Amino acid sequence: MKTVLKVKLLVIMLFFTALIYQNSTPYAQNPQKIDDALTVIYRRKSVRKYLDKPVSREQLTVLMKAGMAAPTAADKRSWAFVAVTERAVLDSLAESSPSGKMLRQAAAAIVVCGDTRRALNSNVWTQDCSAASQNILLAAEAIGLGAVWIGIYPEYFKYNHVRRTLGIPMEVIPLNIISIGWPTGAKKPKQKFDPDNIHWNEW
Ligand SMILES: Cc1cc2nc3c(=O)[nH]c(=O)nc-3n(C[C@H](O)[C@H](O)[C@H](O)COP(=O)(O)O)c2cc1C
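An account of the accompanying structure is given in this report. (Residues numbered from 1 in each chain as written. Predicted model: local features only at pLDDT ≥ 70, side-chain atom pairs only at ≥ 80, totals over all residues.)

### What about the site of the ligand?
Okay, so step 1: Around the ligand, a shell composed of K45, S46, R48, S97, S99, G100, V148, W149, I150, G151 and K190 is seen.
Okay, so step 2: When the residues that make up the shell around the ligand are grouped by side-chain class, the tally is 3 nonpolar, 5 polar and 3 charged. (Near = placed C-beta within 6 Å. Nonpolar A, V, L, I, M, F, W, Y, C, P; charged D, E, K, R; others polar.)

Structure representation (structure tokens):
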């Protein structure tokens, strides 16, 4: 075999070895992947203005898969999600809260609910569902979508409105509505790091 061909083969083999290594190495040993996660975390911001462009079921499924990757107390997975893309339903959900008007422009929403029948105890579902919600917000940022958490629970008039709009059973409580759409690009992340909020070893 000619030397040039041998070198070419070697380069191709090295490329694929590097690719396999990159995709199989845990985050802790792979600084590139740590960077990727932190980049998304620092770039996330609440987005309330959207382009007039649909969000697909596949994209919403990616977000809910990210939600279900979150930790839950005793691995009870007390969450349930209602994905909404119908205009009339989004408009009705916009009436759930005075601070939920952006749903009128949103292409989609995910209502994150706690199924109290599955939760470890009567209070912990809010924590399970908050972890899932944050994962959804980060996944939205990661795939280029804009999203914002609209607080629903614990105000009865808000969660009762959501429950009635979506036909959610009594044992299931909506924690929030995550409003989703394609960002206009205007919103920038806030710089929130404050060393005064950090204590080492004692308060
Ligand atoms: C529990 C909770 C409830 C929130 N409720 C609302 C809401 O009802 N409407 C809204 O526009 N934003 C809401 N937000 C988003 C916050 O306003 C936002 O996260 C905060 O201003 C910080 O801005 P950032 O997300 O861009 O960093 C909520 C966030 C959380 C965590």
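More follows now that the structure is in view.
### Some remarks on the packing of helix α3 (residues 57–67) against helix α5 (residues 125–142)
Okay, so step 1: Relative to each other, α3 and α5 sit at 140 degrees, their axes nearing to 7 Å. In terms of orientation, α3 lies oblique with respect to α5. Remark: the crossing between α3 and α5 carries right-handed chirality. Residue-level contacts link V62, L63, A66 and G67 of α3 to A132, N135, I136, L138, A139 and A140 of α5.
Okay, so step 2: Looking at the contact of α3 with α5 residue by residue, the classes come out as 8 nonpolar, 2 polar and no charged. (Axes fitted to C-alpha atoms, helices over the stretch in contact; angles between N-to-C directions. Helix = DSSP H or I, 4+ residues; strand = E, 2+ residues; numbered from the N terminus. Parallel < 35°, antiparallel > 145°, perpendicular 65-115°, else oblique. Left-handed = near helix turned anticlockwise from the far one by under 90°. Contact = placed C-beta atoms within 7 Å.)

### Quick word on the nonpolar core
Okay, so step 1: Membership of the largest hydrophobic core comes to 41 residues, with the highest contact counts inside it found for A109 and I180.
Okay, so step 2: Listed by contribution, the elements that provide at least two residues to this core are α3, β1 (79–84), α4 (87–93), β2 (108–115), α5, β3 (146–151), α6 (156–166) and β4 (172–181).
Okay, so step 3: In terms of residues, this core owes the most to one element, α5, which gives 7 residues.
Okay, so step 4: Those residues in contact with A109 that lie beyond four places of it in its chain are V84, L90, L93, L103, I177, I178, S179 and I180. (Core = buried A, V, L, I, M, F, W, Y, C linked by C-beta atoms within 7 Å. Buried ≥ 20, exposed ≤ 12 C-beta atoms within 10 Å, placed from the backbone.)

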